[in-house]
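Listed below are the residues making up each chain.
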Amino acid sequence: MITTPTAIDSLHIRYLEQIKAIDSTENGQDVRQGLQQGAKTLPPRYFYDEKGSLLFEDICNLPEYYPTRTEAGILQEYALEIASITGNCELVELGSGSSSKTRFLLNAYQTLYSSLNYVPIDVSGEILAASAKQLLSDYSTLKVRGLVGTYEQALAQLTPSSLPTRIILFLGSTLGNFYPQQSDRFLAQIINALQPGDYFLLGVDLQKPKAILEAAYNDSQGVTAAFNLNMLAHLNWRFRGNFALKNFVHRAIYNEKEGRIEMYLDCLRSHQVRLESLDLTVEFRQGESILTEISRKFNLDTLEQNVQERGLSILQTQTDDRGWFGVILCQK
């Protein structure tokens, strides 16, 4: 089930055509499969109920969490250049959230062109609707057509753009949450969704010292811990579960061999959990862990080669002064 936003009266919101809920046949099989494995896992998409989405916005403002502000700095510096290269095009953003970083691009396109089309895509209908309302009040020429659903659902249901070309935005290094094989499939879906001449803007977190990485995912205020634990509360609501959050604790480590952050929920005591809607009972042992997310950190040269091998031309790559984050502009 995909959360849908409160109905919006388009007469009161300028240029808002529709916040469209994408039908979902999701039945929790990914949860069932993950919790019945020897090494338990949960899909990271269950982070993002309304509370989880707001917690993630808080994470992005933490002093230890460098990715958001570093990527934002790159976009602020190069947004006009990106808009000049692509010409006037429709912006489609996967995992739009509050669309805060996207504003640098919207500002640039509004400066250069007369029309402004934006298609935000997110699994949280509430945060998508709220951000769309705010954007419509801030940008006089903006048209918004939001999609509530997963990346795969949205990419499969994109309608033709009213503008000559389109740019798909995939920011925040969310590509790092995919295992390599999943990443390859996802990039193939992106390419299939693009028409010849369309663009793809990809933001990726780059490899750096372990201490910096682990601090970013174990913040001193405990916001990331709350975000991680909230996944269990979301599962309780969605599948009529009885996870007791006090039975788990957050842990994030950098796996140097795999080049990735791994985020876990560690079980503090042996107990049993029931998810009624899935007719599933799960036994947890003290010391057992649930892997809730990976976040791969990329080598820029290797990633550029991978993208080019898939048929995309790299037009430019920009990084911050420390080389911590990269933004790659590609064209099909």
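Our subject is the structure that appears above.
Our subject in this report is the structure included herewith. (Residues numbered from 1 in each chain as written. Predicted model: local features only at pLDDT ≥ 70, side-chain atom pairs only at ≥ 80, totals over all residues. Heavy atoms only, no water.)

## Describing the overall build of the protein chain
Stage number 1. Check the secondary structure of the protein chain and you find ten helices and 13 strands.
Stage number 2. What you see for the protein chain is a C-alpha radius of gyration of 20 Å, in line with the 20 Å of a compact globule of 332 residues.
Stage number 3. Overall, the C-alpha framework of the protein chain stretches about 60 × 45 × 35 Å when taken along its three principal axes.
Stage number 4. The buried share of the protein chain, reckoned over its 332 residues, is 55%.
Stage number 5. On the protein chain, roughly 14,600 Å² of surface is accessible, and the fraction owed to carbon and sulfur atoms is 48%.
Stage number 6. Side chains of the protein chain carry 30 positive and 38 negative charges; the gap between the two charge centres is 4 Å. (Helix = DSSP H or I, 4+ residues; strand = E, 2+ residues; numbered from the N terminus. Rg over C-alpha atoms; globule rule 2.2 N^0.38 Å. Buried < 20%, exposed > 50% of the residue type's maximum accessible area, 1.4 Å probe, protein only. Areas by Shrake-Rupley, 256 points an atom, 1.4 Å probe, with all protein chains shown as cover. Lys, Arg positive; Asp, Glu negative; His and termini not counted. Charge placed at Lys NZ, Arg CZ, Asp CG, Glu CD.)

## Points about helix α5 (residues 125–138)
Stage number 1. Compared with an ideal rise of 1.5 Å per residue, which puts 14 residues at 20 Å, α5 spans 20 Å between its outermost C-alpha atoms and is within 8% of the ideal.
Stage number 2. Every buried residue of α5 is listed here: G125, I127, L128, A129, S131, A132, L135 and L136. (Expected span 1.5 Å × (residues − 1).)

## Some points on helix α4 (residues 102–112)
Helical periodicity: at 3.6 residues per turn, an α-helix aligns residues three or four positions apart in one direction.
Stage number 1. Within α4, burial applies to T102, L105, L106, A108 and Y109. Burial along α4 is one-sided: seen end-on, the buried residues are contained in an arc of 160°. (Arc of directions from axis to C-beta.)

## Structural notes on the packing of helix α2 (residues 50–60) against helix α9 (residues 223–239)
The relative placement of two packed helices comes down to the angle between their axes together with the axis-to-axis distance.
Stage number 1. Look at α2 against α9: their axes get within 9 Å of each other, and the N-to-C directions meet at 160°. Between α2 and α9, the interaxial angle falls into the category roughly antiparallel. Here α2 and α9 pass one another in a crossing that is left-handed. Within the contact between the two elements, α2 uses K51, G52, L55, F56, D58 and I59 and α9 uses V223, T224, A226, F227 and N230.
Stage number 2. Across the contact of α2 with α9, the residue classes break down as six nonpolar, three polar and two charged. (Axes fitted to C-alpha atoms, helices over the stretch in contact; angles between N-to-C directions. Parallel < 35°, antiparallel > 145°, perpendicular 65-115°, else oblique. Left-handed = near helix turned anticlockwise from the far one by under 90°. Contact = heavy atoms within 4.5 Å. Nonpolar A, V, L, I, M, F, W, Y, C, P; charged D, E, K, R; others polar.)

## Quick look at the sheet that holds strand β8 (residues 260–267)
Within a sheet, each strand pairs with its neighbour through backbone hydrogen bonds, oriented either parallel or antiparallel.
Stage number 1. Strand order across the open sheet formed by three strands is β7-β8-β11, with antiparallel pairing between neighbours. The open sheet terminates on both sides in strands that have one partner only, identified here as β7 (248–255) and β11 (289–296). Averaged over all pairs of adjacent strands, the angle between their axes in this sheet comes to 20°, without regard to strand direction.
Stage number 2. Here α9 sits on the sheet and contacts β7, β8 and β11; the angle it forms with β8, its principal contact strand, is near 60°. (Pairing = 2+ DSSP bridges.)

## Remarks on the pairing of strand β10 (residues 280–284)
Stage number 1. What you see with β10 is a clean split: L280, V282 and F284 sit on the buried side and T281 and E283 on the side with no burial.
Stage number 2. In this structure, strand β9 (residues 271–275) lies alongside β10, joined through five bridges in antiparallel fashion. When the bridges of β10 are listed, Q272 appears paired with E283.
Stage number 3. Taken together, β9 and the strand that follows it, β10, pair antiparallel across an intervening segment of four residues, in which D279 is found at a positive phi of about 50°.

## Structural notes on the packing of aromatic side chains
Stage number 1. Throughout the structure, instances matching the rule amount to 18 aromatic pairs.
Stage number 2. Between the aromatic rings of Y65 and Y217, the centroid separation amounts to 5.9 Å while the plane-to-plane angle is 75°, which identifies the pairing as edge-to-face. On the criterion of sequence distance, the pair formed by Y65 in the loop between α2 and α3 (66–86) and Y217 in the loop between α8 (210–216) and α9 is long-range, its members being 152 residues apart. The same class applies to Y65 and to Y217, which are both buried. (Phe/Tyr/Trp six-rings, centres within 6.5 Å; stacked < 30°, edge-to-face > 60°.)

## Let's talk about the side chain of N236
Stage number 1. Within the fold, N236 resides in helix α9.
Stage number 2. At 2.8 Å, the side chain of N236 and the backbone nitrogen of F243 are in polar contact. (Polar contact = N/O pair within 3.5 Å; in protein donor to acceptor, adjacent residues only side chain to side chain.)

## Points about empty space enclosed by the protein
Which parts of space are left empty comes out when a probe the size of a water molecule is rolled across the atoms.
Stage number 1. The tally for this structure, following the rule as stated, stands at two cavities of 30 Å³ or more.
Stage number 2. Computed from the structure, the second largest cavity encloses a volume of approximately 40 Å³.
Stage number 3. Considering the residues around the second largest cavity, the lining is formed by I74, L75, Y78, I82, L201, Q316, Q318, V327, I328 and L329.
Stage number 4. Contributions of two or more residues to the lining of the second largest cavity are made by α3, β12 (313–319) and β13 (325–331).
Stage number 5. Class assignment for the residues of the lining of the second largest cavity results in eight nonpolar, two polar and no charged. (1 Å grid on protein atoms, 1.4 Å probe; cavity = no way out; pocket = protein on both sides within 12 Å on 5 of 7 lines; lining within 4 Å. Points joined across faces, edges and corners; volume = space filled by probe spheres on them.)

## Overview of the layout of surface pockets
Stage number 1. Of the voids in this model, the second largest pocket is the one considered here, and its volume is about 220 Å³.
Stage number 2. Along the walls of the second largest pocket sit 14 residues, with R296, F298, N299, T302 and L303 positioned nearest its centre.
Stage number 3. Listed by contribution, the elements that provide at least two residues to the lining of the second largest pocket are α7 (180–193) and α10 (300–309).
Stage number 4. Grouping the amino acids of the lining of the second largest pocket by side-chain chemistry returns four nonpolar, six polar and four charged.

## Quick word on the nonpolar core
Stage number 1. V31, L35, L42, F243, F248, L275 and F284 are the most contacted members of the largest nonpolar core, which has 37 residues in total.
Stage number 2. If one sorts the elements of this core by residue count, α9 sits on top with seven residues.
Stage number 3. If we skip the residues at most four places from it in the chain, L35 touches K40, T41, L42, F243, L275, V282 and F284.
Stage number 4. By size, the runner-up hydrophobic cluster in this structure holds 30 residues, among which are F170, F178, A193 and L312. (Core = buried A, V, L, I, M, F, W, Y, C linked by side-chain atoms within 4.5 Å.)

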